[in-house]
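Here's the letter readout for the chains.
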Amino acid sequence: MNIIDGKLLSQTIKQEIAEEVKTLKANGGKIPHLAAVLVGSDPASKVYVRNKVQSCEEVGFESTLIRKDDSITEEELLEIIQELNEDEDVDGFIVQLPLPKHINEEKVTLAIDPRKDVDGFHPTNFGRMAQGMPSYLPATPFGIMQMLDRYNIDVEGKNCVVLGRSNIVGTPISILLSRKASPGNATVVLCHSRTKNIPEYTRQADIIVAAIGRANFVTADMVKEGAVVIDVGINRVEDASRKRGYRLAGDVDYENVAPKCKLITPVPGGVGPMTVTSLLMNTLKSCKKEVYQ
Ligand code: GUN
């Protein structure tokens, strides 16, 4: 069993991005600029956004953080989005989700100019991704594809099972794995809450991507010997022995599954750190006009 070290890989990629930013600066080019909008005080969202802004600093990007109270109206938020769409210095921006209940997330996602949608959530980018056109890939699937690529994991012709069909992880990763590309060309089964007998599928999988949001859902009996397991889950599990009262657990029963695996991602330190680097890579792509002219 070997670990896919997302923390280390994300640091390597950040160093590569920092080098590229240095070259851009030396040549008098534009410095990539990412903006983030954070509404309200959800503790997890605050941590994620802080991480994103800090990572921008690490690689030499410019960043702007716009913080708004829970009381912001949908119209006011849409105005901010419009301003960011029109701000020529901002290469890309994100609106951190979830948003307060009185704000329609779908409306917000649709209001973001696809050319600046570095989260890859806009249907235009999703559609372009599905058709193999240049697009911003959503952060988590992009991070997983980077891991598969950089660890030289053989994907072509393999049986992949994706657990979970969310718009931001399960569905896009199932599309990316089956695309005619490298990494890609896999045979993909997408399992979800209505799938009958999930273990029957996972036992045949060369690669499992678990993005179901249930702690320790994937148990050792569900995994074939020598499989590659990518664990996207970040679940809070009560743990009185911890100061915080909880610990983080993935969707995979790591302790018992890991010994059977060829490669596995830990939680934390696996997929999580890769999502921020994906966002940085998309912002750099936007700055260099690699997706849209
Ligand atoms: N909330 C959880 N993950 C994400 C993400 O990747 N982007 C945004 N904008 N919000 C999130």
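Only a predicted model underlies this, so the values are computations on that prediction, with no experimental measurement involved.

Engineer: Quick one: what's the story with the overall build of the chain, residue by residue and with numbers?
Structural biologist: Within the chain, the secondary structure is distributed over 10 helices and 11 strands. Expected size for 293 residues packed as a compact globule is a radius of gyration near 19 Å; at 19 Å, the chain falls within 12% of this value. The principal-axis extents of the C-alpha atoms in the chain amount to approximately 55 × 45 × 35 Å. Looking at the 293 residues of the chain, the share that counts as buried comes to 50%. Long-range contacts, defined as pairs at least 24 residues apart, comprise 70% of the intrachain contacts of the chain with a sequence gap of at least 6. Carbon and sulfur atoms make up 47% of the accessible area of the chain, which amounts to about 14400 Å² in all. Charge-centre separation for the chain: the mean point of 35 positive side chains lies 4 Å from the mean point of 39 negative side chains.

Engineer: If you had to explain the pattern of salt bridges to someone new, which residues and values would you point to?
Structural biologist: For the structure shown, the criterion picks out 12 salt bridges. Measuring nitrogen to oxygen at the nearest pair gives 3.6 Å for the salt bridge that ties aspartate 239 to arginine 242. In this structure, lysine 288 and glutamate 290 form a salt bridge, with 3.1 Å as the shortest nitrogen-oxygen distance. Looking at lysine 288, the relative accessible area reads 34%, which means it is partly exposed. Members of the salt-bridge network, linked through shared partners, are Glu20, Lys288 and Glu290.

Engineer: If you had to explain the packing of aromatic side chains to someone new, which residues and values would you point to?
Structural biologist: Overall, the coordinates contain one aromatic pair when judged by the stated rule. Measuring from centroid to centroid gives 5.9 Å for tyrosine 136 and tyrosine 292, while their planes differ by 50°, and the two rings are tilted. One end of the pair, tyrosine 136, is in the loop between helix H5 (123-130) and helix H6 (139-150); the other, tyrosine 292, is in the segment after helix H10 (271-287), with 156 residues separating them in the sequence. The two residues tyrosine 136 and tyrosine 292 agree in class, both being buried.

Engineer: Outline the site of the ligand, listing residues and values.
Structural biologist: Every residue near the ligand is listed here: Lys52, Val95, Gln96, Leu97, Asp119 and Phe121. Within the backbone of valine 95, a nitrogen or oxygen atom sits 2.8 Å from a nitrogen atom of the ligand. The protein chains hide 79% of the 280 Å² of surface that the ligand would expose on its own. A per-class count over the shell around the ligand returns three nonpolar, one polar and two charged.

Engineer: Just give me the short version of helix H1 (residues 6-26), but keep the residues and values in it.
Structural biologist: For H1, built from 21 residues, the straight-helix expectation of 30 Å at 1.5 Å per residue is met to within 8% by its first-to-last C-alpha distance of 30 Å. Near the N-terminus of H1, the side chain that reaches the backbone nitrogen of lysine 7, with its oxygen 3.1 Å away, is that of aspartate 5. Where H1 terminates, the next one or two residues include glycine 28, which has phi positive at roughly 75°.

Engineer: Please provide a residue-by-residue account of the side chain of aspartate 119, values included.
Structural biologist: Its place among the elements puts aspartate 119 in the loop between helix H4 (105-111) and H5. One buried charged side chain, aspartate 119, makes no salt bridge at all; its nearest oppositely charged neighbour is lysine 52, positioned 5.0 Å away. When residues no more than four places from it in sequence are discounted, the contact partners of aspartate 119 are Ile94, Val95, Leu137, Pro138, Ala139 and Leu279.

Engineer: Please provide a residue-by-residue account of the layout of surface pockets, values included.
Structural biologist: Space left empty within the atom packing is revealed by a probe, the size of a water molecule, rolled over the atoms. Estimated volume of the second largest pocket: approximately 330 Å³. Residue lining of the second largest pocket: 13 residues in total, with Glu106, Thr109, Phe121, Pro123 and Asn167 positioned closest to the centre. Elements represented by at least two residues in the lining of the second largest pocket include exactly H4 and H5.

How each quantity is defined
Residues numbered from 1 in each chain as written. Predicted model: local features only at pLDDT ≥ 70, side-chain atom pairs only at ≥ 80, totals over all residues. Heavy atoms only, no water. Helix = DSSP H or I, 4+ residues; strand = E, 2+ residues; numbered from the N terminus. Rg over C-alpha atoms; globule rule 2.2 N^0.38 Å. Buried < 20%, exposed > 50% of the residue type's maximum accessible area, 1.4 Å probe, protein only. Contact = heavy atoms within 4.5 Å. Areas by Shrake-Rupley, 256 points an atom, 1.4 Å probe, with all protein chains shown as cover. Lys, Arg positive; Asp, Glu negative; His and termini not counted. Charge placed at Lys NZ, Arg CZ, Asp CG, Glu CD. Salt bridge = Lys/Arg side-chain N within 4 Å of Asp/Glu carboxyl O. Phe/Tyr/Trp six-rings, centres within 6.5 Å; stacked < 30°, edge-to-face > 60°. Near = heavy atom within 4 Å. Polar contact = N/O pair within 3.5 Å; in protein donor to acceptor, adjacent residues only side chain to side chain. Nonpolar A, V, L, I, M, F, W, Y, C, P; charged D, E, K, R; others polar. Expected span 1.5 Å × (residues − 1). 1 Å grid on protein atoms, 1.4 Å probe; cavity = no way out; pocket = protein on both sides within 12 Å on 5 of 7 lines; lining within 4 Å. Points joined across faces, edges and corners; volume = space filled by probe spheres on them.

Everything listed here is a matter of geometry and, on its own, says nothing about what the molecule does.
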